[in-house]
Structures are given as structure tokens and as C-alpha cells.
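A look at the structure
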Amino acid sequence: MSEIAVSVLAHVLFLIERYNISIEKAFKEACRLYKCPKDLNSREILFETTKEFIKNIIKLRCLFGAELSRKRLAKLFLSHKQEIERKELEPWCSYSVPKWFYEKLVSLIGDQETRSLLESIERRVFWIRINTLKAPEEKILRILEEDEIVLERDKDLWYLYRVISYKKPLRYSRALRDYYAVIQDKASCLVVEALKPSSDDKIFDVAAAPGIKTSLIAMLTNDEARIVAGDLSKKRVVIMKHLLKKLGVKRSVDIILHNGIFAPVRRDYFNKILIDAPCSSSGAISKDPSIRLSLLRKDKIYYYTEVQEKLLSRALDLGDEIVYATCSLLPEEGEEIVSRFLDKVSLEKILDGYSRGYNTYEYHDYFVRTFPHRDLSEGFFIAKIRNTK
């Protein structure tokens with residue numbers, strides 16, 4: 001057992017629990033401190049091991065107790081992997097998620113489907129979206145084939161492909177490195193599809209950073225729609241500006257720094273508004289296992305719901321056609337937010353062929369939910385709202 005590996009795993013856990021950051025950021029910081037292997041293959045193996053460790057923290061604490069040090073947990077994980085996998089525990093421990101989260105899902109979709117959902121997030125499904133702002137589809141597919149990435153075209157979205165297999169980490173692919181294609185989950189694309197953007201639209205993308213959905217809007221409108229993309233973080237706005245340029249967005253997007261609630265825009269300038277609101281990210285656990293740990297802070301959900309309600313309220317002051325979405329499996333961040341505005345809005349049915357909202361809520365048939373086990377995607381809530389005031 002490598003002492004470096006133990007130190008990296010323990011420090012990544014410390015950073016995630018102390019600062020609530022993503023596993024990728026935590027791993028980079030830990031590697032800077034503990035001198036991870038420089039060769040890409042060894043570093044990738046350590047990163048995958050770290051992800052497995054973080055994914056199993058709740059399970060490890062169920063097995064060995066919450067009082068153990070992070071280093072001790074890392075040592076136990078590295079030396080008892082097979083034994084840990086064989087242990088029979090309560091379902092929430094076995095799936096390594098907070099107890100309240102497991103029980104919430106069971107109350108919404110039943111025990112068996114909850115187990116299917118949590119089993120499906122053990123392994124991330126990758127989707128690649130081709131970027132025709134940079135090159136024709138044929139050229140992009142040829143480069144992806146040269147990168148030895150095997151793809152399956154999605155039945156609904158012409159620009160989206162599910163990754164079947166790959167020989168090296170996708171981020172090292174030439175197609176992704178040169179922005180001919182981007183990793184974008186299918187559920188994320190469906191949010192944009194619900195908006196139905198066209199070249200003559202004026203669109204306000206409220207919480208846009210890092211800009212992946214913004215760039216898809218630009219691509220689907222041939223870089224001709226008028227898009228204002230904003231975010232409250234100066235750092236994220238700068239990243240978005242550079243990313244959109246690399247993705248070939250040249251003229252359709254203006255970027256502003258704002259917090260969404262006090263956005264410096266006037267009413268009726270935009271005919272469409274997109275809110276992909278900040279949330280618990282409970283629908284993206286397969287992408288980042290650190291979310292399992294952030295969900296231990298149940299009170300954080302209520303912070304997000306307050307922000308979500310304010311963003312939607314402000315959007316209704318600015319325009320009449322709104323798509324509201326969250327990458328969340330929780331109705332508190334979806335059905336319950338929209339339901340607070342039913343006296344001011346009408347709902348539009350969208351995206352035929354996908355699951356509806358949780359049926360314990362009124363008008364659930366107007367909402368769309370994607371699920372990892374049903375759609376091979378992240379878990380999203382999507383609603384299309386029209387202002388009636």
C-alpha cells in the first residue's frame with residue numbers, strides 16, 4: 001500500500017468535507033501537496049481509486065464507525081476492498097448514500113425502483129455532443145473514430161452520441177481537446193430542447209456558467225440567436241467567456257456578471273428565459289461522488305430552494321416563456337418550486353416520451369423528469385412555464 005495513495009485519499013476526503021468542492025478540484029489540490037505520479041497512466045489509476053474511495057465513504061463509516069480518522073479509512077479501503085464489497089448492510093449503507101436521501105427516494109418511486117436507480121449511478125454513462133460550430137458532422141465523427149471512441153447515436157437528438165467504449169480517458173481525445181465535441185449529458189441537452197431555440201429568439205440564460213448549454217443554443221441557432229448569458233461568479237464568467245470562444249461561438253452571446261435575482265435587464269426584451277438553477281446536484285452523483293457527501297447536509301437543500309424560488313420569481317418579472325430546470329432528484333427543487341407560482345403561470349407539456357414528474361404532485365403530467373436507470377442520463381427536473389400575468 002502506497003503511503004502517497006493513503007495521503008492523497010485522506011486529503012481529498014478532508015477537502016471535500018471541509019470546503020464542499022468537487023472531487024476533481026480536491027484531487028488536483030491533493031496531488032499538488034503530495035506529489036502524485038507524473039505519468040498519465042499511474043495518475044489516472046490513482047484518480048479512479050480516489051473516486052471509488054469517496055463513493056464508498058458512507059458505506060465505510062457504516063462498517064467501521066464514524067469516529068475513524070480519514071487516514072485510517074483510506075488504509076482500510078485500500079486493504080479490504082473485496083471484503084467491503086461483500087458485506088451486507090442496510091440499503092442506504094450498501095448504496096453509500098445518506099439515509100434520508102434513500103428514504104426520500106423510496107417514498108417517491110418505491111423501494112425496488114430506488115434500488116435500480118442507485119445501482120445505475122455506480123457507473124457514469126458518457127454522452128458526447130458534436131459541435132458543428134467548429135466542423136461538419138462527418139469530420140467530427142471521423143476524428144472520434146480515430147480516437148478509438150465507439151459511439152451510438154441517440155434516437156432523439158441528432159447531435160448526441162452515447163459512448164459505448166474508449167481506449168483512453170475521454171479528456172485526452174483530440175476531438176474533445178480541440179472542442180470539435182464536448183461531453184454533455186443527454187438530460188442537459190433536453191433542457192435546451194425544451195426551450196426550442198430559433199435564430200430569431202432573444203434568450204436570457206440566467207445561470208449559464210460554464211456555458212455548455214449556452215453553446216448548444218448557439219449551435220442549434222447557427223450562432224444567430226441573441227443570447228445573454230450570466231453568472232454571479234466573476235471567475236466562472238471568465239471561464240465561460242474563454243470556453244465559448246473555444247467552442248466557436250462568435251457573435252450570438254453577450255456575457256454579464258450578475259446574481260440572477262437583480263439581473264440588469266429590462267422586461268420584455270427577451271422572449272425566452274432559461275433557468276438551470278443552482279441546486280443540490282443530487283441527479284449528478286454518477287459524475288461526481290463527492291455529491292454523496294454534500295447531501296449529508298440536508299439543510300443545504302433549503303438554501304438552494306430559496307435561491308431557486310427567487311430566480312424563478314425574477315424571471316417572471318422579465319419575460320413570458322421560461323424553462324426552469326435543476327439537476328436534482330428531489331421534488332423540493334422541482335415540483336414544489338414551480339407549484340408555488342401556479343396562480344401566475346400556465347404550464348406547457350414538453351418532451352414527449354420521457355418520464356413525468358412525481359405523481360404525488362398536482363400537474364405532475366406537465367413536468368419532465370429524467371432518471372439514470374430509465375434514460376441512461378443524469379437526473380433532471382424540467383418544466384416549461386408561461387407567464388399569465
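Quantities reported herein were computed from a predicted structural model and do not represent experimental measurements. (Residues numbered from 1 in each chain as written. Predicted model: local features only at pLDDT ≥ 70, side-chain atom pairs only at ≥ 80, totals over all residues. Heavy atoms only, no water.)

A few points about the overall build of the protein
The helix and strand tally for the protein stands at 18 helices and twelve strands. Relative to the compact-globule value of 21 Å for 389 residues, the protein shows a C-alpha radius of gyration of 21 Å, a close match. Considering the protein as a whole, with its 389 residues, one finds that 54% of them fall into the buried category. Counting contacts in the protein only where the partners sit at least 6 residues apart, residues at least 24 apart contribute 72% of the total. Counting only carbon and sulfur atoms, one obtains 48% of the accessible surface of the protein, whose full area is about 18,200 Å². Averaging the coordinates of the 67 positive side-chain charges in the protein and doing the same for the 57 negative ones gives two points 6 Å apart. (Helix = DSSP H or I, 4+ residues; strand = E, 2+ residues; numbered from the N terminus. Rg over C-alpha atoms; globule rule 2.2 N^0.38 Å. Buried < 20%, exposed > 50% of the residue type's maximum accessible area, 1.4 Å probe, protein only. Contact = heavy atoms within 4.5 Å. Areas by Shrake-Rupley, 256 points an atom, 1.4 Å probe, with all protein chains shown as cover. Lys, Arg positive; Asp, Glu negative; His and termini not counted. Charge placed at Lys NZ, Arg CZ, Asp CG, Glu CD.)

Quick word on helix α9 (residues 111-120)
Looking at α9, one finds that the buried residues are Thr-114, Leu-117 and Leu-118. Down the axis of α9, the sector holding all buried residues measures 90°, keeping them to one side. Close packing links the buried residues of α9 with α8 (99-109) and α18 (372-375). (Arc of directions from axis to C-beta.)

As for the packing of helix α1 (residues 3-19) against helix α2 (residues 23-34)
At a minimum axis separation of 9 Å, α1 and α2 run at an interaxial angle of 135°. Classed by the angle they form, the pair α1 and α2 counts as oblique. By crossing handedness, the relation of α1 to α2 is classed as right-handed. Contacts between α1 and α2 involve Ile-4, Ser-7, Val-8, His-11, Val-12, Leu-15 and Ile-16 on the former and, on the latter, Ile-23, Ala-26, Phe-27, Glu-29, Ala-30, Leu-33 and Tyr-34. Along the lines of polarity and charge, the residues of the contact of α1 with α2 split into eleven nonpolar, two polar and one charged. (Axes fitted to C-alpha atoms, helices over the stretch in contact; angles between N-to-C directions. Parallel < 35°, antiparallel > 145°, perpendicular 65-115°, else oblique. Left-handed = near helix turned anticlockwise from the far one by under 90°. Nonpolar A, V, L, I, M, F, W, Y, C, P; charged D, E, K, R; others polar.)

Focus: the packing of helix α3 (residues 40-55) against helix α5 (residues 70-79)
In contact at an axis separation of 11 Å, α3 and α5 are set at 110° when each is read in the N-to-C sense. As judged from the angle between their axes, α3 and α5 are roughly perpendicular. For α3 against α5, the interelement crossing comes out right-handed. On α5, the residues touching Thr-49, Glu-52 and Phe-53 of α3 are Arg-70, Leu-73, Ala-74, Phe-77 and Leu-78. Among the residues forming the contact of α3 with α5, the class breakdown is five nonpolar, one polar and two charged.

What to know about the state of the cysteines
The final tally for this structure, using the stated rule, is two disulfides. Disulfide pairing is shown between Cys-31 and Cys-36; the S-S distance is 2.0 Å. Between Cys-31 and Cys-36, the disulfide has an S-S torsion of -80° and is therefore left-handed. Here Cys-31 matches Cys-36 in class, with each residue buried. Disulfide pairing places Cys-62 opposite Cys-93 at an S-S distance of 2.1 Å. Looking down the S-S bond of the Cys-62 and Cys-93 bridge, the torsion is -70°, so its handedness is left-handed. One end of the pair, Cys-62, is in helix α4 (residues 57-64); the other, Cys-93, is in helix α7 (residues 91-94), and 31 residues separate them in sequence. Within the protein, bonded cysteines paired by disulfides and numbered along the sequence follow the pattern 1-2, 3-4. (Disulfide = S-S within 2.5 Å.)

A look at the sheet that holds strand β4 (residues 181-183)
Taken together, four strands build an open sheet; the order of strands is β2-β3-β1-β4 and the sheet is antiparallel. On the outer flanks of this sheet lie β2 (149-153) and β4, each paired with one strand and no other. Taking the axes of each pair of neighbouring strands and ignoring which way they run, one obtains an average angle of 40° across the sheet. Inspection of the sheet shows β2 paired to strand β3 (residues 160-166) by five bridges, in the antiparallel sense. Each bridged residue has a counterpart across the sheet, and for Leu-151 the counterpart in β3 is Val-163. Of the strands in this sheet, β1 (127-130), β2, β3 and β4 touch helix α10 (residues 137-146), which is tilted by about 140° from β2. (Pairing = 2+ DSSP bridges.)

Side note on the packing of aromatic side chains
Enumeration over the complete set of coordinates arrives at 14 aromatic pairs. Each ring, one from Phe-53 and one from Phe-77, has its centre 5.5 Å from the other, and the planes form 50°; the classification is tilted. Of this pair, Phe-53 sits in helix α3 while Phe-77 sits in helix α5, and the two are 24 residues apart along the sequence. Classification of Phe-53 as buried rests on a relative accessible area of 0%. (Phe/Tyr/Trp six-rings, centres within 6.5 Å; stacked < 30°, edge-to-face > 60°.)

Points about the nonpolar core
Judged by nonpolar contacts, the single largest core of 100 residues is most densely connected at Val-12, Phe-53, Ile-54, Phe-101 and Ile-382. If you tally residues by element for this core, the top one is α1, at eight residues. Look past the residues within four positions of Val-12 in its chain and what remains in contact with it is Ile-23, Ala-26, Phe-27, Ala-30, Thr-50 and Ile-54. In this structure, Phe-270, Ala-277, Phe-341 and Phe-381 belong to the second largest nonpolar core, which totals 26 residues. (Core = buried A, V, L, I, M, F, W, Y, C linked by side-chain atoms within 4.5 Å.)

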